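# What the coordinates show
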Amino acid sequence: MGAGHAHPLHLPGTSPVHRLSPQVKVLAAFMVVFCVVATPRAAFATYGGYLVLLAAVWVIAAIPPGWIGRRALIELPFVVLAVLLPFAQGGERVDVAGLSLSADGLLDGWNIIIKGTLGVLTSLTLAATTSPRDLLLGLQRLRIPATITTIATLMLRYVEVIIGEARRMRIARVSRGHDPRLLWQAGATARSVGRLFLRSYERGERVHLAMVARGFTGAMPALDERPVPRLEWTLGMLPVAVALALVVGAWATA
Amino acid sequence: MSIPALRVSELRFDYPDGHRALDSIDLAVAPGERVALLGPNGAGKTTLVLQLNGVLRPSSGSVEVSGLPVRAEHLREIRRRVGIVFQDPDDQLFMPTVAEDVAFGPANFGVRGPELDARVHDALTAVDMAGHAGRSPLHLSGGQRKRVALATVLACDPEVLVIDEPSSNLDPVARRELAEVLLRLDRTMLMVTHDLPYALQLCPRSVVLDDGRVVADGPTRELLADPELLSRHRLELPYGFTLAGG
């Protein structure tokens, strides 16, 4: 194995956004999303403001919009429901391009799509500028319960090991003439999944044993406790301040 | 003789289903000694190893590490004194980066700050992996992972180093590189292995375990030169190898 194992959602870089401490970024992203969710659905200009804010962060972090755009497509399956709303919902109707649509449904659909999209874009921005292990470090420093961060740490480490195991098991099946597309051969796939579960479970036992042998008593030692400089907090909270101003403005004019 | 680094006396261990895994094991390892623990699959080697740091407890008999008995109230100190390197490095290395994994053990034992950094650096230097501190264990070769797994235990500064099947799954070069590292360490070492030439290269003394009992204990070269002893206990030198007695 060599290089090139970068995480698909992480875009390594050295911009000021990349260099911010992870806990600052996690908190900032959370609060921006909170502001987005709290915005009234008809405040169209405010949503434009959020988009400009995100675009500004992309420019500083040197993230190409296309890079974000391709990864934002993950949202598509969830959009289907939002698209159905204008047709399905009752109440006052409006005509759009010859179709009679529910005005309320249109607004609801828009509400879901725009908030969902802004949420996905914010998360992608956080993921792009923060490596998975920094994200965990950030969560740990934000005093997220240790059980959760430990599970996430182990998941991050072993998901690739387990995927590798699954791949080798699949190749071994296919090499013996197995064709997973055939329905009557689904049983073999199902048994493999069961086998993989058992193997992962046994590995979990062995990993735990190895941790205990090195003095593990249930709590992960905190390894890096440097305080964050105030300037970093100020910089990181700038986008939050803008988002806060946007949402307050939207409610004031609504 | 001074206090042995490891003393196992009259150790017996039964599994909950009544199966006797270890039977009257007596074993003493002097400080600085390197001993190979040989035996066929199912002989009880791993069960014995897990007794040494108190993961399993004896049904009767006792284990002492540098004079300290393995008991519940000493477990933390026992686990610092006995470092176990497990067979599959993927079971041992679970942190996102090599350096964090090496720091995990000493941090559990209360080492912090610059001293922790120094421990990590020294342990990685000892296994020739100092240049890989920031990498993910996933991206290392098998031999590199094995050496990092060794470093994670070395960083705890153990008095007894127990290594389970060090040479398994290694190509010949990685196998030799690991041997060079191990020979350089100068620590009390108990090495569980099937790899008889490796035992000969690294450990002047060997103990053969079969069916839960110690069936032979002596200079490695003498034991390996006894074909009857080997075949009686399902041990075998690689094809084409024979040893002159020494």
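Turning to the overall build of chain A, a few remarks are in order. Counting its regular elements, chain A contains 10 helices and two strands. The linear arrangement of helices and strands in chain A, starting from the amino end, is α-α-α-α-α-β-β-α-α-α-α-α. The C-alpha radius of gyration of chain A comes to 23 Å, more than 25% above the 18 Å expected for a compact globule of 254 residues. Taken along the three principal axes of its C-alpha coordinates, chain A extends 60 × 55 × 30 Å. By the burial criterion, 36% of the 254 residues in chain A qualify as buried. Nonlocal contacts in chain A, meaning residues at least 24 apart in sequence, comprise 73% of its contacts between residues at least 6 apart. On chain A, roughly 14,900 Å² of surface is accessible, and the fraction owed to carbon and sulfur atoms is 71%.

The next thing to look at is the side chain of Arg145(B). Residues and elements named next belong to chain B. Its location among the elements puts Arg145 in helix α6 (residues 142–154). Within the structure, the side chain of Arg145 is placed 2.8 Å from the side chain of Asp90, a separation counted as a polar contact. Among the polar contacts made by the side chain of Arg145, one reaches the main-chain carbonyl oxygen of Leu140 at a distance of 3.3 Å.

Before going further, it helps to spend a moment on helix α3 (residues 44–61) of chain A. Structurally, the α-helix is built with 3.6 residues per turn, so residues lying three or four positions apart point the same way. Residues and elements named next belong to chain A. For α3, built from 18 residues, the straight-helix expectation of 26 Å at 1.5 Å per residue is met to within 8% by its first-to-last C-alpha distance of 26 Å. Residues of α3 that are buried: Thr46, Tyr47, Gly49, Tyr50, Leu53, Leu54, Val57, Trp58 and Ala61. Against the buried residues of α3 lie α1 (16–19), α2 (22–37), α4 (65–72), α6 (103–129) and α10 (230–253). In the stretch just after α3, Ala62 is the one whose phi turns positive, near 55°.

Before going further, it helps to examine the interface of chain B and chain A. Much of the literature gives interface size as the accessible area that the parts lose upon coming together. Residue-level contacts link 31 residues of chain B with 27 residues of chain A. Surface buried jointly by chain B and chain A totals about 2,700 Å² across both partners, of which 62% is contributed by carbon and sulfur atoms. For the chain B face of the interface with chain A, the top three residues by lost area are Asp91(B), Phe94(B) and Leu138(B), together amounting to 26%. Our count for the contact surface shared by chain B and chain A stands at six salt bridges. Across the salt bridge formed by Glu100(B) and Arg133(A), the nearest N and O atoms sit 2.9 Å from each other. Applying the counting rule to chain B against chain A returns 11 residue pairs in polar contact (both at pLDDT 80 or more).

All names here are of chain A. Segmentation of chain A into domains returns domain 1 (16–139 + 227–253) and domain 2 (145–213). Of note, the centres of domain 1 and domain 2, computed from C-alpha atoms alone, are 35 Å apart. Of the residues lining the interface, four residues belong to domain 1; the matching set on domain 2 comes to four residues. With both chains or domains summed, domain 1 and domain 2 bury close to 290 Å², and 92% of this area falls on carbon and sulfur atoms. Contact with domain 2 buries surface across domain 1, with Pro132, Leu136 and Leu139 losing the most and accounting together for 94% of the total. Joining domain 1 to domain 2, the criterion identifies zero salt bridges. In this assembly, domain 1 and domain 2 are joined by zero residue pairs in polar contact (both at pLDDT 80 or more). Residue composition of the side of domain 1 that touches domain 2, by class: three nonpolar, no polar and one charged.

Residue and element names in this part refer to chain A. For the pair α3 and α10, the least separation of the axes is 10 Å and the interaxial angle reads 175°. By the angle class used here, α3 and α10 are roughly antiparallel. Mapping the contact onto sequence places Thr46, Gly49, Tyr50 and Leu53 in α3 and Pro239, Val242, Ala243, Leu246, Val247 and Ala250 in α10.

Time to look at the pattern of salt bridges. Tallied over the entire structure, the rule returns 28 salt bridges over all chains. In this structure, Arg41(A) and Asp104(A) form a salt bridge, with 3.0 Å as the shortest nitrogen-oxygen distance. In this pair, Arg41(A) is assigned in the loop between α2 and α3 and Asp104(A) in helix α6, connecting sequence segments 63 residues apart. Among the residues examined, Arg41(A) registers a relative accessible area of 26% and is labelled partly exposed. We note a salt bridge from Glu77(B) to Arg80(B), for which the minimum N-O separation is 3.1 Å. Of this pair, Glu77(B) and Arg80(B) both sit in helix α2 (residues 75–81), three residues apart, which is roughly one turn of that helix. Counted as one network, the salt bridges with shared partners bring together Glu165(A), Arg199(A), Arg203(A), Arg206(A), Asp88(B) and Asp91(B).

The next point concerns the pairing of strand β2 (residues 20–29) of chain B. Residues and elements named next belong to chain B. The sheet contact formed by strand β1 (residues 6–14) and β2 spans six bridges and is antiparallel. Opposite Val8, over in β2, you have Leu27 as the bridge partner. The antiparallel hairpin formed by β1 and β2 contains five residues in its connecting segment, where Gly18 sits at a positive phi of about 95°.

Okay, the environment of Arg221(B) next. Residue and element names in this part refer to chain B. Mapped onto the secondary structure, Arg221 falls in helix α9 (residues 220–224). Classification of Arg221 by relative accessible area gives partly exposed; the value is 37%. C-alpha of Arg221 to C-alpha of Cys203: the two residues are 18 residues apart in sequence and 9.4 Å apart in space.

Neighbouring strands of a sheet are bound in pairs by backbone hydrogen bonds; such pairs are parallel or else antiparallel. All names here are of chain B. Spatial ordering of the open sheet is given by β2-β1-β4-β5, a layout of four strands whose pairing is antiparallel. Lying at the two open borders of the sheet, with one neighbouring strand each, are β2 and β5 (68–69). By the bridge criterion, five bridges tie β1 to strand β4 (residues 60–65) in an arrangement that is antiparallel. When the sheet's bridge partners are listed, Ser9 is paired in β4 with Ser62. Along the sheet, helix α1 (residues 45–52) makes contact with β1, β2 and β4, crossing β1 at roughly 120°.

This part covers the nonpolar core. Residues and elements named next belong to chain B. Counting residues in each nonpolar core, the largest one holds 47 residues, and the members touching the most others are Leu38, Val102, Leu150, Leu161 and Leu182. Not counting the four nearest positions on each side in its chain, Leu150 is found in contact with Val85, Val127, Leu161, Ile163, Leu178, Val181, Leu182 and Leu185. One finds Ala21, Leu50, Leu52 and Val82 within the second-largest nonpolar core, a separate group that totals 32 residues.

Take empty space enclosed by the protein next. Residues and elements named next belong to chain B. This structure, assessed with the given rule, holds one cavity of 30 Å³ or more. Lining the largest cavity, in full, are Val85, Lys146, Leu150, Ile163, Pro166, Leu178 and Leu182. Only α6 and α7 (172–185) provide two or more residues apiece to the lining of the largest cavity. The residue inventory of the lining of the largest cavity, partitioned by class, reads six nonpolar, no polar and one charged.

Rules used in this analysis
- Residues numbered from 1 in each chain as written.
- Chains lettered and ligands numbered in written order.
- Predicted model: local features only at pLDDT ≥ 70, side-chain atom pairs only at ≥ 80, totals over all residues.
- Heavy atoms only, no water.
- Helix = DSSP H or I, 4+ residues; strand = E, 2+ residues; numbered from the N terminus.
- Rg over C-alpha atoms; globule rule 2.2 N^0.38 Å.
- Buried < 20%, exposed > 50% of the residue type's maximum accessible area, 1.4 Å probe, protein only.
- Contact = heavy atoms within 4.5 Å.
- Areas by Shrake-Rupley, 256 points an atom, 1.4 Å probe, with all protein chains shown as cover.
- Polar contact = N/O pair within 3.5 Å; in protein donor to acceptor, adjacent residues only side chain to side chain.
- Expected span 1.5 Å × (residues − 1).
- Buried area = accessible area lost by both parts, 1.4 Å probe.
- Salt bridge = Lys/Arg side-chain N within 4 Å of Asp/Glu carboxyl O.
- Domains from an automatic or database assignment.
- Nonpolar A, V, L, I, M, F, W, Y, C, P; charged D, E, K, R; others polar.
- Axes fitted to C-alpha atoms, helices over the stretch in contact; angles between N-to-C directions.
- Parallel < 35°, antiparallel > 145°, perpendicular 65-115°, else oblique.
- Pairing = 2+ DSSP bridges.
- Core = buried A, V, L, I, M, F, W, Y, C linked by side-chain atoms within 4.5 Å.
- 1 Å grid on protein atoms, 1.4 Å probe; cavity = no way out; pocket = protein on both sides within 12 Å on 5 of 7 lines; lining within 4 Å.
- Points joined across faces, edges and corners; volume = space filled by probe spheres on them.

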